[in-house]
Amino acid sequence: ELKPDTPEVRELLAADDGWFREVSPEWRGQAMALKVNRILHVERSKYQDVLVFESDTYGNVLVLDGVVQCTEGDEFSYQEMIAHLPLTSHPNPKKVLVVGGGDGGVIREVLKHHTVEEVVLCDIDEAVLRVAKQYLPHMSLLLSDPRVTVHIGDGYEFLGNHASIYDVIITDCSDPVGPAESLFQKAYFERMRRALKAGGNLVIQAESVWLQAEAIRELRDLMASVFPTVQYGYTTVPTYPSGQIGLMLASTTSGRSLHKPLRPVPDTRYYNADLHEAAFVLPEFCRALLDEG
Ligand code: SAM
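Since we're looking at a predicted model, the values are computed, not measured. (Residues numbered from 1 in each chain as written. Predicted model: local features only at pLDDT ≥ 70, side-chain atom pairs only at ≥ 80, totals over all residues.)

**Student:** Got a minute to help me understand the sheet that holds strand S1 (residues 19-22) in this structure?
**Tutor:** One key point about sheets: their strands pair by backbone hydrogen bonds, in either a parallel or an antiparallel sense. Spatially, the 5 strands line up as an open sheet ordered S1-S2-S3-S4-S5, and their pairing is antiparallel. If you trace the sheet from one side to the other, it starts and ends with S1 and strand S5 (67-71), each paired once. Along the sheet, successive strands turn relative to each other by an average axial angle of 45°, direction set aside. Strand direction decides the pairing type here: S1 and strand S2 (residues 32-44), joined by 4 bridges, are antiparallel. The residue of S2 that forms the bridge with Glu-22 is Met-32. Sitting on the sheet, helix H4 (residues 126-135) is in contact with S2, strand S3 (49-55) and strand S4 (60-64), with an inclination near 15° to S3. (Pairing = 2+ DSSP bridges. Helix = DSSP H or I, 4+ residues; strand = E, 2+ residues; numbered from the N terminus. Axes fitted to C-alpha atoms, helices over the stretch in contact; angles between N-to-C directions. Contact = placed C-beta atoms within 7 Å.)

This is the structure we're talking about:
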């Protein structure tokens, strides 16, 4: 029997109604909730609370520090979009770095690109890879592919003074509070710029316009101070708060059309070329927020 040794499991059991709730002061007065069939794994890793449960309707769910990271039922929307937007808009991506992404979902998508020869994954927490291998097999299946090198460590530290190595860098990290804090700082974007080859692309997950509009504008301005091209798109993920999550893309080249796919991607369930372009078409209130129009 599992011992309830993390705050979110204690809360879950205390509520005693069989629902997991993602409650956060960041989105006051609303919460995302999933009905729990059974708890599969509870752990306090070196960096975060790790919880895996089987949900009633979305398959297995990975939760870090009380925040839903992915569910088997809807993960493909996020993984496909965060991988294929920067990769298909790059003319010839061969070497890719994934920072975070320890569940393996982004790696699975990156390896659908025939141009890609090598992928490096740098996640800070070995516990995420371990539980993903056990409970999220459809996401983690290609972590042991020969084209993949896994490094356990902080993404900011890992980049160090690397210069001109990667064609694409995908930052699939958790929210900026906790271990991912270093990944939303200007110094991290500067390290990424240095680590990218000429004409490199990058993406970082970037919150929901319904909940953190101001943070998105700040992130866009920060990235625009480092990269000549920055474009904001989004995808839909029903189990993320508000059902929408942004993707901030950038390129070291000015004038790169990040919203234009240059090649098709095989075997997708969410992504297609029309959706790629549509992901960057913003509603009026977002255009006003980002001063686009
Ligand atoms: N798709 C999810 C989302 O948007 O909520 C995130 C996926 S989850 C796999 C995020 C991963 O980022 C976790 O495995 C976590 O360990 C990792 N991570 C957090 N901070 C990190 C850091 N500083 N360096 C590398 N990986 C980090």
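**Student:** What is the right way to read the site of the ligand from this model?
**Tutor:** Taken together, 24 residues form the shell around the ligand, and within it Gly-100, Gly-102, Val-128, Gly-155 and Ala-180 come nearest. Listing elements by their share of the shell around the ligand, those giving two or more residues are S5, strand S6 (95-100) and strand S7 (118-123). In terms of residue class, the shell around the ligand is built from 11 nonpolar, 8 polar and 5 charged. (Near = placed C-beta within 6 Å. Nonpolar A, V, L, I, M, F, W, Y, C, P; charged D, E, K, R; others polar.)

**Student:** It is not clear to me how the UniProt feature "domain: PABS" (unreviewed entry) in the protein should be interpreted in this structure. Could you clarify?
**Tutor:** In this numbering, the UniProt entry assigns the feature "domain: PABS" (unreviewed entry) to residues 17-252. As annotated, residues 17-252 has a helix share of 26% and a strand share of 36%, and its two end C-alpha atoms lie 50 Å apart. (UniProt positions renumbered as here; feature names shortened; annotations may be inferred.)

**Student:** Could you clarify how one ought to interpret the sheet that holds S7 in this entry?
**Tutor:** The 7 strands lie next to each other as S8-S7-S6-S9-S10-S12-S11, forming an open sheet whose pairing is mixed. Whereas interior strands pair on both sides, the edge strands pair on one side only; in this sheet they are strand S8 (148-152) and strand S11 (229-236). Going from strand to strand, the sheet's axes swing by 15° on average, the running direction of each strand aside.

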